[in-house]
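Overview (structure and organization)
Listed below are the residues making up each chain.
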Amino acid sequence: MSRVGRARALPGLALGLAGVLYSSWLVGPLLNPAFGLLDGYASELAARDQPYHLVFGLGDLVVGALASATGLALAWRARGWPRWAWWGLVAFGVATALDGTVSSMDCAPSADVRCARLAELGALSWRDQWHSVSSSVAIAAALASLLALLVSRRGRRASFRWGLAVAAVLLVGTAGTLLEVAHPDAALGAWQRVQLLGLSGWLLYAGGIVATQGDTGS
């Protein structure tokens with residue numbers, strides 16, 4: 001493989017792996033039967049009082065490391081809209097790494113009444129309270145990155161359409177998640193899973209662009 005080929009393949013593979021690992025919530029019911037596939041927020045699987053929380057926390061850490069390192073390498077060489085896309089990837093990576101480590105949740109409020117009560121009273125640790133901040137930053141950065149990629153792909157019809165499909169899933173999932181936060185119901189977490197699928201799709205989409213077109217996305 002030529003040097004140019006490796007320069008495209010390695011970042012593409014890193015983002016592809018990040019996209020797959022970001023779907024670790026799919027094995028949640030196997031490791032933690034207290035949560036069904038669509039029960040509670042996926043972040044609760046990494047709450048520090050839950051079984052196998054280190055597995056899910058490590059998953060976020062690895063995804064964050066892959067995304068931020070790859071984003072830095074690509075942003076350093078890119079220009080225009082792609083460069084903004086890769087800086088968004090860096091911000092997503094840092095926030096996601098924090099999600100699984102420093103700002104992981106103390107407990108799982110959807111599965112523990114006492115935890116839910118403590119959350120209502122604001123009596124959980126600062127790390128738990130910062131979790132919503134790091135998660136929000138990760139989502140905002142991903143949306144900004146995807147938007148920049150779409151702008152850069154306007155001249156490539158097939159790639160642009162794939163990007164629009166990913167964006168539609170991510171936007172629908174994000175809107176549904178915001179509604180869940182405002183009005184929790186029996187489907188708590190279901191819309192967030194749609195959002196997570198959109199995020200994995202974005203990472204895979206970005207990886208495909210890099211692997212086929214290079215860091216400029218042109």
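Let me sum up the structure you'll find in this document.

Quick notes on a nonpolar patch on the surface
Taken together, the side chains of Val94, Leu98, Val102, Trp126, Trp130, Val133 and Val137 define a hydrophobic patch exposed on the protein surface, amounting to about 640 Å² of accessible area. Breaking the nonpolar patch down by element, the ones donating at least two residues are helix H4 (80-100) and helix H6 (126-152). Sort the elements by how many residues they give to the nonpolar patch and H6 lands first, with four residues. Relative to the elements of secondary structure, Val102 occurs in the loop between H4 and helix H5 (113-121).

Quick word on the pattern of salt bridges
With the rule as written, the count across this model stands at two salt bridges. Residues Glu120 and Arg117 are paired through a salt bridge, measuring 3.3 Å at the closest nitrogen-oxygen approach. Residue Glu120 and its partner Arg117 are located together in helix H5, separated by three residues, close to a single helical turn. Its relative accessible area of 48% is what places Arg117 among the partly exposed residues.

Considerations on the nonpolar core
One finds Trp86, Phe92, Leu146, Leu149, Leu199, Trp202 and Leu203 to be the most contacted residues of the largest nonpolar core, which totals 39 residues. Looking at this core, the elements that each hand over two or more residues are helix H1 (3-21), helix H3 (53-77), H4, H6, helix H7 (157-182) and helix H8 (190-213). Beyond its immediate stretch of four places on either side in the chain, Trp202 contacts Leu89, Phe92, Ala142, Ser145, Leu146, Leu149 and Val166.

Some points on the packing of H6 against H8
At a minimum axis distance of 11 Å, the contact between H6 and H8 shows a crossing angle of 40°. When the axes of H6 and H8 are compared, the pair comes out oblique. For H6 against H8, the interelement crossing comes out left-handed. On H8, the residues that touch Ile139, Ala142, Ser145, Leu146, Leu149 and Leu150 of H6 are Gln195, Leu199, Trp202, Tyr205, Ala206 and Ile209. Tallied by class, residues from the contact of H6 with H8 come to 10 nonpolar, two polar and no charged.

Conventions used here
Residues numbered from 1 in each chain as written. Predicted model: local features only at pLDDT ≥ 70, side-chain atom pairs only at ≥ 80, totals over all residues. Heavy atoms only, no water. Patch = residues over 30% accessible without salt bridge, like charges linked within 9 Å, V, L, I, M, F, W, Y side chains within 5 Å. Areas by Shrake-Rupley, 256 points an atom, 1.4 Å probe, with all protein chains shown as cover. Salt bridge = Lys/Arg side-chain N within 4 Å of Asp/Glu carboxyl O. Helix = DSSP H or I, 4+ residues; strand = E, 2+ residues; numbered from the N terminus. Buried < 20%, exposed > 50% of the residue type's maximum accessible area, 1.4 Å probe, protein only. Core = buried A, V, L, I, M, F, W, Y, C linked by side-chain atoms within 4.5 Å. Contact = heavy atoms within 4.5 Å. Axes fitted to C-alpha atoms, helices over the stretch in contact; angles between N-to-C directions. Parallel < 35°, antiparallel > 145°, perpendicular 65-115°, else oblique. Left-handed = near helix turned anticlockwise from the far one by under 90°. Nonpolar A, V, L, I, M, F, W, Y, C, P; charged D, E, K, R; others polar.

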